[in-house]
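# Structure assessment
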Amino acid sequence: MIKLSYCPTMQPYVEKIARNFDDIDFLPASSAAEVLYMLRVGSIDAALIGRVAHNRELDEKTKSYRLKGGNTLIYRQKAGIGFDQLKEVEVYTYLPEESIKDISSAFRKVIHFDTLDECLKDGLATPVLINWEDYRDEFELLIPMDMRGKTPYFRAPVLYYKNDKLLDQETLEKMKESLN
């Protein structure tokens, strides 16, 4: 039996994965930091969180597997913002207009640049909408919140684990397929 803990924003993904796996014991936790701590001390086999972990939260044996992609907001400091307050916010992005059309109306204005580095020119004084693939350890998140908590659109399920025998490539791909 695999012990997998997850943060609250991953509940919808856990429900989908659970339909295809009888050999996983899903353990809810209060935060991504708590889940990663449990993995680090060995009380669980896998951690499912809605963001990319900072290097300081992992040890050298920890592996990651992105179950689904997505976009997020970065800013000069970690902060929360009401989802409805995004209507007052101008953001930079390098992402193609077509790929963000479902969320661009949430912002007051979206200013497009050619590259991520161009978006960072003001030192993150303006929030930047990025793809999770481009997340760097030095970035801080601007976390949109609604009445239920962190807005799922800006989260992406990332699985962290250490044991390749429990979570082999076939199992990881089956988990990923569960989310489609």
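What counts as what
Residues numbered from 1 in each chain as written. Predicted model: local features only at pLDDT ≥ 70, side-chain atom pairs only at ≥ 80, totals over all residues. Heavy atoms only, no water. Patch = residues over 30% accessible without salt bridge, like charges linked within 9 Å, V, L, I, M, F, W, Y side chains within 5 Å. Areas by Shrake-Rupley, 256 points an atom, 1.4 Å probe, with all protein chains shown as cover. Salt bridge = Lys/Arg side-chain N within 4 Å of Asp/Glu carboxyl O. Lys, Arg positive; Asp, Glu negative; His and termini not counted. Charge placed at Lys NZ, Arg CZ, Asp CG, Glu CD. Helix = DSSP H or I, 4+ residues; strand = E, 2+ residues; numbered from the N terminus. Buried < 20%, exposed > 50% of the residue type's maximum accessible area, 1.4 Å probe, protein only. Arc of directions from axis to C-beta. Contact = heavy atoms within 4.5 Å. Pairing = 2+ DSSP bridges. Axes fitted to C-alpha atoms, helices over the stretch in contact; angles between N-to-C directions.

A grouping of Asp 168, Glu 170, Glu 173 and Glu 177 is seen on the molecular surface, where their side chains present a negatively charged patch. By secondary structure assignment, the location of Glu 177 is in helix α4 (residues 169–178).

What follows concerns unusual backbone geometry. Of note in this structure, Leu 124 is not a glycine but carries a positive phi near 65 degrees. As for its placement among the helices and strands, Leu 124 is situated in the loop between α3 (116–119) and β9 (128–131).

This part takes up α4. Taken together, the buried positions of α4 are Thr 171, Leu 172, Met 175 and Ser 178. One side of α4 holds all its buried residues, which, seen down the axis, span an arc of 115 degrees. Set apart from the buried face of α4 by more than 90 degrees, the exposed residues are Glu 170 and Glu 177. Where α4 is buried, its residues contact β1 (2–6), α1 (11–18), β2 (24–28), β4 (63–66) and β12 (158–161).

Pairing is mixed across the open sheet formed by five strands, whose spatial order is β2-β1-β3-β12-β4. Edge strands, defined here as strands with exactly one partner in the open sheet, are β2 and β4. Shown here is a sheet whose adjacent strand axes are inclined to one another by a mean of 25 degrees, direction ignored. For strand β3 (residues 46–49) and β12, the ladder comprises four bridges, and the chain directions are antiparallel.

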